[in-house]
Amino acid sequence: MSLKTPKTVLLGTGYSVPEKVLTNQDLEKMVDTNDQWIQERTGIKERRIASPELTTSELCTRAARKALHDAGLKPKDIDVILVGTVTGDALFPATACYVQEKLGAVNAAAMDLQAACAGFVYVSTMADALISSGKAKHVLTIGGELLSRIVDWTDRSTCVLFGDGAGAAVWGAANDKNANKGIIDTYMKSDGRLTELLCSYGGGTKIPMKEAVENNQHFIKMQGQEVFKSAVKAMSEAVKSILAKNGLTGEDVDVLIPHQANIRIMNATVRKTKIAEEKVYVNVDRFGNTSAASIPIALAEARETGAIKPGQLILLVSFGGGFTWGSLLLQV
Ligand code: ACO
């Protein structure tokens, strides 16, 4: 196995989820659904839901503090904060700016990137570009969502799927001690012809918020089966492409962390890419689909619990509204 020398190293991770657990049984009391249907179709048993006063930036900040602690760095060491989210605190300013203020990361530039569920793979790809080009020494990337705020809680076809949470990672330039670790390669793609299949199109400049609320256009809208098919196709393409480009096969991957949208999407992706099922990290049963937060929550949790061990080859792969998709190959 030959790998090109990585330059961007993972220094720390952390995640934060709200305390409140919403189970499938709780949902049975809210809409016409049942635990068996949800588990069979999605693999989800429960998800976390934020209390009304909690903000996306607060959840992101909690995750970021843990990642900074794990990395042994202070907020002032961060040069750039990148937040992937579709549920930011406000239309503007960027949620990353609120995170910067809360952390006291006074030396950072802060911005958001909107790539829906692929947000964390996208922001981490940007972190790699900034660090490997020498433009930044330390980059904090975060995926954070309060999807419960844009879910229609009367729509059983979507409300059973989503949850709230945030995950963060701190990246830095490799030195002599960790030169054999870090990001090996990244892959990103989009297809803007498929915007209508998964979106929340009200409340922007096309359909202003007042009109959107009057017509129920401020919620997540999804054509589930079409999204399912596209997700499997795109995620398997992202896995196969990055492995082939780096002279690797599914056997070389130690842990695959796919976007935690639906267990059936993950299983179908794995079947197409010949990665053994036991290598797939799954926590969708406990957190549901947290969009941009799902991969960094899983990455942080896997490192915390020892499901990822130093020296292993990790593959992140994601897919989201836009459509956007991508993968990131990482030696930890
Ligand atoms: N409880 C009970 N029955 C339900 C529910 C529910 N929560 N939701 C839908 N149904 C019913 C439908 O009304 C339909 O009934 P009918 O046959 O009488 O008309 C039946 O179940 C089947 O509905 P489908 O939509 O065909 O169900 P499907 O097997 O496609 O599963 C699902 C739906 C889980 C949404 C699936 O399409 C899916 O996983 N799609 C992928 C989308 C996804 O994961 N999106 C997350 C966001 S995307 C992202 O993160 C990138």
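No experiment lies behind these values; they were computed from the predicted model shown.

Calculation rules
- Residues numbered from 1 in each chain as written.
- Predicted model: local features only at pLDDT ≥ 70, side-chain atom pairs only at ≥ 80, totals over all residues.
- Heavy atoms only, no water.
- Domains from an automatic or database assignment.
- Contact = heavy atoms within 4.5 Å.
- Salt bridge = Lys/Arg side-chain N within 4 Å of Asp/Glu carboxyl O.
- Polar contact = N/O pair within 3.5 Å; in protein donor to acceptor, adjacent residues only side chain to side chain.
- Helix = DSSP H or I, 4+ residues; strand = E, 2+ residues; numbered from the N terminus.
- Core = buried A, V, L, I, M, F, W, Y, C linked by side-chain atoms within 4.5 Å.
- Buried < 20%, exposed > 50% of the residue type's maximum accessible area, 1.4 Å probe, protein only.
- Axes fitted to C-alpha atoms, helices over the stretch in contact; angles between N-to-C directions.
- Parallel < 35°, antiparallel > 145°, perpendicular 65-115°, else oblique.
- Left-handed = near helix turned anticlockwise from the far one by under 90°.
- Nonpolar A, V, L, I, M, F, W, Y, C, P; charged D, E, K, R; others polar.
- 1 Å grid on protein atoms, 1.4 Å probe; cavity = no way out; pocket = protein on both sides within 12 Å on 5 of 7 lines; lining within 4 Å.
- Points joined across faces, edges and corners; volume = space filled by probe spheres on them.

Novice: What's the story with the domain arrangement of the protein in this structure? I'm lost.
Specialist: Interface size is commonly expressed as the accessible area that is lost once the parts come together. Per the domain assignment, the segments making up the protein are domain 1 (8–178) and domain 2 (182–281 + 305–331). Each of domain 1 and domain 2 has a C-alpha centre, and these two points are 15 Å apart. Opposite the 29 residues of domain 1 that make contact, domain 2 presents 28 residues. Taken together, the connections running from domain 1 to domain 2 amount to zero salt bridges. At the junction of domain 1 and domain 2, the tally comes to nine residue pairs in polar contact (both at pLDDT 80 or more). Among the secondary structure elements, those contributing two or more residues to the side of domain 1 that touches domain 2 are strand 1 (8–16), helix 2 (35–42), helix 5 (119–132) and helix 6 (156–159).

Novice: Quick question: what am I supposed to make of the nonpolar core here?
Specialist: Nonpolar side chains in soluble globular proteins generally cluster together in the buried interior. If you look at the biggest cluster of nonpolar residues, it comprises 45 residues, and the most contacted ones within it are L243, L256, L315, F319 and L329. Of all elements in the fold, only strand 8 (182–190), helix 8 (224–245), helix 9 (263–273), strand 12 (313–320) and strand 13 (324–331) reach the threshold of two or more residues within this core. Ranked by residues supplied to this core, first place goes to helix 8 with nine residues. Residues within four places of L329 in sequence aside, it is in contact with G182, I183, I184, D185, I242, L243, N246, L248, L313, I314 and L315. With 30 residues, the next largest nonpolar core counts F120, V123, W171 and L316 among its residues.

Novice: Is there a simple way to explain the packing of helix 8 against helix 9 in this structure?
Specialist: When two helices pack together, their arrangement is given by the angle between the helix axes and by the axis-to-axis distance. At a minimum axis separation of 9 Å, helix 8 and helix 9 run at an interaxial angle of 40 degrees. Overall, the two elements helix 8 and helix 9 adopt an arrangement that is oblique. Here helix 8 and helix 9 pass one another in a crossing that is right-handed. On the side of helix 8, the interface is formed by F228, A231, V232, M235, S236, V239 and K240, while helix 9 contributes R264, I265, A268, T269, K272 and T273. The class makeup of the residues in the contact of helix 8 with helix 9 is seven nonpolar, three polar and three charged.

Novice: It is not clear to me how the layout of surface pockets should be interpreted in this structure. Could you clarify?
Specialist: By rolling a water-sized probe across the atoms, one finds the places where empty space is left. A volume near 1,200 Å³ is recorded for the largest pocket. Contributing to the lining of the largest pocket are 40 residues, with V86, T87, Q114, I150 and S200 lying nearest its centre. Among the secondary structure elements, those contributing two or more residues to the lining of the largest pocket are strand 5 (109–113) and strand 9 (198–199). Two domains each put at least three residues into the lining of the largest pocket: domain 1 (8–178) and domain 2 (182–281 + 305–331). When its volume is computed, the second largest pocket comes out at roughly 500 Å³. Surrounding the second largest pocket, 22 residues form its lining, L161, M222, G224, F228 and N262 being those nearest its centre. Contributions of two or more residues to the lining of the second largest pocket are made by helix 2, helix 8, helix 9 and strand 12. Counted by class, the lining of the second largest pocket contains twelve nonpolar, eight polar and two charged residues.

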